[in-house]
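# Structure at a glance
Here are the chains, one letter per residue:
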Amino acid sequence: MSFSPAPVCAGCLEALRPLPDVRACELCGMPFEEAAVLQGTTRCGACLAETPAFNRARSFGVYEGTLRRLIHLLKYERMQPLAKPLADEMAVTMESLPAPDLLVPVPLFRTRRWRRGFNQALTLTRGLARRTGIPLDKQALRRRRDTQPQAGLSYAERRRNVAGAFVVSQRGRVAGKVILVIDDVMTTGATLDACARSLKTAGAKSVYALTVARAKRRLHPVDKKRAVGES
């Protein structure tokens, strides 16, 4: 029997698999097999309909199975030691992105952070900073208002929910820098887009995004029409 320093068996960690090496959207990283795409393009339908503010987003794996369970243990059961092996996987995925000057976690609103007891994005970012030696700035971005949970919202509703929710605390923290924004899960990319928009408005040179997992995109019927260019 093998053991792991994380609060799960080594077999669970060994079972983790990265996203398959298939053709994917150049911006959000969604595999073309899972996205609404226009033939002959390098971008998925959603990114063609509305270009995200981030320069590129990548994720280690798909938000399902063992990876989903481990993220839930970290996020909702407070098993923070899981952040290290998850951050280790993120560090490998990070090699496909330009080297950043700064790591910035997606912030939680203070009341949600108080209820949860910690910010899982910050915990993951700390693990990534220790692994890579890249500086972390947990105060660069601030969530200035609480937002309703994104789960259950359509693509358009998610974007409206987080629009203007993030603000840069001090322009000098990010101006002229290549920023890597860190979160646990990417679904539609609305949260990462809102963060990137604020960072670029404050003068960031470029903004990339990295998550442990990405959900398979399931668009609301109205959003499906938008994603393939229909009115």
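Scroll up to find the structure this text is about.
Residues numbered from 1 in each chain as written. Predicted model: local features only at pLDDT ≥ 70, side-chain atom pairs only at ≥ 80, totals over all residues. Heavy atoms only, no water.

## Here's the deal with helix 3 (residues 65-76)
Counted at 1.5 Å a residue, the expected span for helix 3 with its 12 residues is 16 Å, and the 16 Å between its end C-alpha atoms agrees. Of all the residues in helix 3, the buried ones are Thr66, Leu67, Leu70, Ile71, Leu74 and Lys75. The buried residues of helix 3 all sit within an arc of 160 degrees when viewed along its axis, so they share a single face. (Helix = DSSP H or I, 4+ residues; strand = E, 2+ residues; numbered from the N terminus. Expected span 1.5 Å × (residues − 1). Buried < 20%, exposed > 50% of the residue type's maximum accessible area, 1.4 Å probe, protein only. Arc of directions from axis to C-beta.)

## Thoughts on the sheet that holds strand 1 (residues 56-62)
Strand pairing in a sheet is mediated by backbone hydrogen bonds. Such pairs are either parallel or antiparallel. Taken in spatial order, the 4 strands line up as 1-6-5-2 in an open sheet, and their pairing is parallel. The sheet is open, and its two edges are formed by strand 1 and strand 2 (102-105), each paired on a single side. Averaged over all adjacent pairs, the angle separating strand axes in this sheet is 25 degrees, with direction ignored. Of the strand pairs in this sheet, strand 2 and strand 5 (residues 178-186) are connected by 4 bridges, and their pairing is parallel. Bridge pairing links leucine 102 to isoleucine 179 in strand 5. Running at roughly 165 degrees to strand 5, helix 9 (residues 190-201) makes contact with strand 5 and strand 6 (206-214) of the sheet. (Pairing = 2+ DSSP bridges. Axes fitted to C-alpha atoms, helices over the stretch in contact; angles between N-to-C directions. Contact = heavy atoms within 4.5 Å.)

## Section: the pairing of strand 5
Most of strand 5 sits out of view: 9 of its 9 residues are buried. In terms of strand pairing, strand 5 meets strand 6 through 8 bridges, oriented parallel. Bridge pairing links valine 178 to serine 206 in strand 6.

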